[in-house]
Amino acid sequence: MKRVFFVSEKLHGAQGSVRFKWQKKQGNYLATSGTSRTVYVFDRRGDLKSEISLPGVCTGLDWDKDGDVLAVIQDKSGVVYLWDANTHRTSQLDSGLKDQLTFLTWSRIGPQLAIGKYL
């Protein structure tokens, strides 16, 4: 297997695990996050395309079924961050939940996003 690019551990914070998700369908983007409170979106050549600053540590990220939208949750609020792969813009969606969000997943057949907290 040939290495295409390398991301330094310094980018994601000194400790903890790194979350990552390849864009569904097209596979043009790789989203990564660690303890640095930032989600990084790289293209398939390893070029940094976008940084999403978060108020807390990322607790989940997932691409919608078409790979057009990346959803991100973090541990400081119920806000969901949505990154559009076509415009490279980020928007915020207030979930109305007060607890720390710990999981999210997109529907396999539509534009629905499920979010919540493990008990």
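In what follows, the accompanying structure is described. (Residues numbered from 1 in each chain as written. Predicted model: local features only at pLDDT ≥ 70, side-chain atom pairs only at ≥ 80, totals over all residues. Heavy atoms only, no water.)

1. Some words on unusual backbone geometry
Next up, step 1: Although it is not a glycine, Arg 37 sits at a positive phi angle of roughly 65 degrees.
Next up, step 2: Among the secondary structure elements, Arg 37 is positioned in the loop between strand S2 (29–33) and strand S3 (38–43).
Next up, step 3: With a phi close to 60 degrees, His 88 is a non-glycine residue in the positive phi region. (Helix = DSSP H or I, 4+ residues; strand = E, 2+ residues; numbered from the N terminus.)

2. Here's the deal with the pattern of salt bridges
A side chain with one charge can pair with a side chain of the opposite charge if their charged atoms come near.
Next up, step 1: Scanning the entire structure with this criterion turns up 7 salt bridges.
Next up, step 2: Note that Asp 47 is salt-bridged to Arg 45, the shortest N-O span being 3.8 Å.
Next up, step 3: On the accessibility criterion, Asp 47 (38% relative accessible area) is partly exposed.
Next up, step 4: Given a relative accessible area of 58%, Arg 45 falls into the exposed group.
Next up, step 5: In this structure, Asp 66 engages Lys 65 in a salt bridge whose closest nitrogen and oxygen atoms are separated by 3.2 Å.
Next up, step 6: The class for Asp 66 is partly exposed, based on a relative accessible area of 26%. (Salt bridge = Lys/Arg side-chain N within 4 Å of Asp/Glu carboxyl O. Buried < 20%, exposed > 50% of the residue type's maximum accessible area, 1.4 Å probe, protein only.)

3. Examining the sheet that holds strand S6 (residues 69–74)
Next up, step 1: Pairing is antiparallel across the open sheet formed by 4 strands, whose spatial order is S5-S6-S7-S8. The sheet terminates laterally at strand S5 (58–63) and strand S8 (90–94), the two strands that pair on one side only. Each strand axis lies, on average, 20 degrees off the axis of its neighbour in the sheet, ignoring direction.
Next up, step 2: Both strand S7 (residues 79–84) and S8 contribute to a ladder of 5 bridges, which runs antiparallel. Bridge pairing links Tyr 81 to Gln 92 in S8. (Pairing = 2+ DSSP bridges. Axes fitted to C-alpha atoms, helices over the stretch in contact; angles between N-to-C directions.)

4. Considering the sheet that holds strand S1 (residues 19–22)
Next up, step 1: Read from one edge to the other, the open sheet built from 4 strands follows the order S1-S2-S3-S4, with strand pairing classed as antiparallel. Each edge of the sheet is formed by a strand with only one pairing partner; in this case those strands are S1 and strand S4 (48–53). Put simply, the sheet's adjacent strands are angled 15 degrees from each other on average, direction ignored.
Next up, step 2: Bridge count between S1 and S2: 4 bridges; the pairing is antiparallel. Within the sheet, the bridge partner assigned to Lys 21 lies in S2 and is Ala 31.

5. Focus on the nonpolar core
Next up, step 1: Val 39, Leu 70, Val 72 and Trp 83 are the most contacted members of the largest nonpolar core, which totals 15 residues.
Next up, step 2: Counting residues per element, the ones that place at least two in this core are S2, S3, S5, S6 and S7.
Next up, step 3: Beyond its immediate stretch of four places on either side in the chain, Val 39 contacts Ala 31, Thr 32, Ser 33, Ser 50, Glu 51, Ile 52, Leu 54, Cys 58, Leu 61, Leu 70 and Val 72.
Next up, step 4: In this structure, Val 69, Ile 73, Leu 104 and Trp 106 belong to the second largest nonpolar core, which totals 8 residues. (Core = buried A, V, L, I, M, F, W, Y, C linked by side-chain atoms within 4.5 Å. Contact = heavy atoms within 4.5 Å.)

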